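Residue-level structural notes
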Amino acid sequence: MSAHRFVGSYAKVYDTPIEIKTFGQLVDVPDEHVHKIAGLLPPQDFDALGFTADDLNPYKPKSAEFEKKRVAAHAAAKAYRERLMNRTEGTEA
Amino acid sequence: MPTVNINSPRYTRLFAQLQTTGFNVVNNTTGTWTNTGAAMIRADEGAFTGSRSEPYTRLPYLTGTRSEQPGVRGRKSASLSIRGLAVIPSGTAGTAPDMDPILQNIFGAPSSGSGVNLYQFTDTGYLPLSLFSFQHGIPTLTAFYAWGAYVRSATFHFNQAFQSVDLAMDAGFFMDNQGFANADAIAKAGLTAFPAEPASPTVNGSPIAGFGTGYTATITTTATGFTGPQSLELKLRSFSVTIDTGFELVGGVYGSAYPIEVVGGTRRISCQFSCVDDDSAALNAIKAQCDQDNITMTVAIVAGTVAGSIMTMTLNNVQANAFNLADSGNMVDMSMGQSYAHATAIGSTNDATLQFS
């Protein structure tokens, strides 16, 4: 089990309690499921992107600066997931 | 407790997977399905239909009575359709959507790009699909899998409740768990055991709303006196793009009752739309485009505004069909008939592209 921050739009691992709906959500994910979810970052990688409290407030309008950070977060999440998938064999759907 | 389980579409879990070994081989290790890369497909109840064709051929030879004798089984094949499948980006720009196996099947290649997933046609890609239907948690109910499936037609709909696509597919055959033990090896497509339902499948991303502020529909016209990008998003009432892939299963051969491969015929991509009619410069340009002979235009439609959940379809070299006007309540609708896209040069395959960003 490891903590991650979510930078996608939605993810659900069926038959488990894991359902992630909010940008920036901190979630504990069992290791066997981490690589299946698009949009996860280790907390330290997420923090390095510099999201503010307003950025993470779902009720506040998003600035152009936030959108740049979101795109950077997506790129980082994709790279992280590819590293995990390259280390994982025989993954399930 | 009931002594039998009544089947329900609500129990269904659908999966799509690209086959990596060949047209009539489901991915497996020594006969056991390997579900790596199988993606759960979020289809509505009633959306998925599949049918097999394996009719009996009559033997009406003369017997002295008016009754016939049993016939023999004829050719075998299958067709499937999924209506109104939500187009769901992954939510993370640069990560392919869950329906990536289906899109690779349509376009013939994986997506490309940095920070985006751009699907472009290739003529050399033949990527057969397997589709699996399980009744979740009740293995005694009937499950099945189809192999050698190719999308024959994909129609993307815009300005509906959510972005969706209708798919029509042909498949080599589909095998169910009840008859699996007695089926021949070709029907089983390389498997010696019926596939097991994947545990804990994951889905990523949310459906894109079918309309919204910031969505754009731009037609770049070339009609004399009416050149340039024309914005239609605040007039568009319906818009659809149809991709006829040209895939045709090859069957009817002496050595097999089943289709043996796929061949690619002409690919045709078309769009059609209707708008609220007005006298705007943009719509007048579209009408002039429809009226002028032997010119082409580019069509680009964007759905979604949040990074990771944006879908863009671009159609090149579209020859605009004639437009028509029709009363629609207190308004008049202008509609452009089905108009076909083309590659921009001989040797190109860029009739249309689909991008997620």
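Residues numbered from 1 in each chain as written. Chains lettered and ligands numbered in written order. Predicted model: local features only at pLDDT ≥ 70, side-chain atom pairs only at ≥ 80, totals over all residues. Heavy atoms only, no water.

1. What to know about the overall build of chain B
Note the following rule: Numbered from the N terminus, helices here are DSSP runs of H or I no shorter than four residues, and strands are runs of E no shorter than two. The buried label applies to any residue whose accessible area, calculated with a 1.4 Å probe on protein chains only, is under 20% of its type's maximum; exposed applies above 50%, and partly exposed to all values in between. Contacts are residue-level and defined by heavy atoms, with any inter-residue pair within 4.5 Å sufficient. Surface accessibility in these figures is a Shrake-Rupley result with a 1.4 Å probe; residues are shielded only by whichever protein chains are displayed. All tallies of charge rest on Lys and Arg as positive and Asp and Glu as negative; His and the ends of each chain are not included. One atom stands in for each charge, and that atom is NZ of Lys, CZ of Arg, CG of Asp or CD of Glu.
Looking only at helices and strands, chain B has three helices and 25 strands in total. The principal-axis extent of the C-alpha atoms belonging to chain B is close to 75 × 55 × 45 Å. Residues classed as buried in chain B amount to 49% of the 357 residues present. Here the contacts in chain B between residues at least 6 apart in sequence split such that 68% fall between residues at least 24 apart. Within the structure as shown, chain B displays about 16,000 Å² of accessible surface, and the carbon and sulfur contribution to it stands at 52%. Across chain B, 17 positive and 24 negative side-chain charges occur, with their mean positions spaced 10 Å apart.

2. A closer look at the interface of chain B and chain A
Inclusion rule: Accessible area that two parts lose when put together, with a 1.4 Å probe and added across both, is what the buried area reports. Only one rule defines a salt bridge in this text: a Lys or Arg side-chain nitrogen within 4 Å of an Asp or Glu carboxyl oxygen.
Taken together, the 28 residues of chain B in the interface contact 26 residues of chain A. For the pair chain B and chain A, the summed buried area comes to about 2,000 Å², and 48% of that belongs to carbon and sulfur atoms. If you sort the residues of chain B by the area they bury against chain A, Thr92, Ser200 and Thr202 of chain B come out on top, with a joint share of 24%. Joining chain B to chain A, the criterion identifies one salt bridge.

3. With respect to the nonpolar core
Residue and element names in this part refer to chain B. The criterion, for reference: To define a nonpolar core, start from buried Ala, Val, Leu, Ile, Met, Phe, Trp, Tyr and Cys residues and group those joined through side-chain atoms within 4.5 Å.
Counting 63 residues, the largest nonpolar core has Ile106, Phe156, Leu167 and Phe273 as the members making the most contacts within it. Tallying contributions element by element places strand β11 (residues 144-158) first for this core, with seven residues. Ranked by size, the runner-up nonpolar core spans 24 residues in total, among them Phe15, Val26, Met40 and Ala189.

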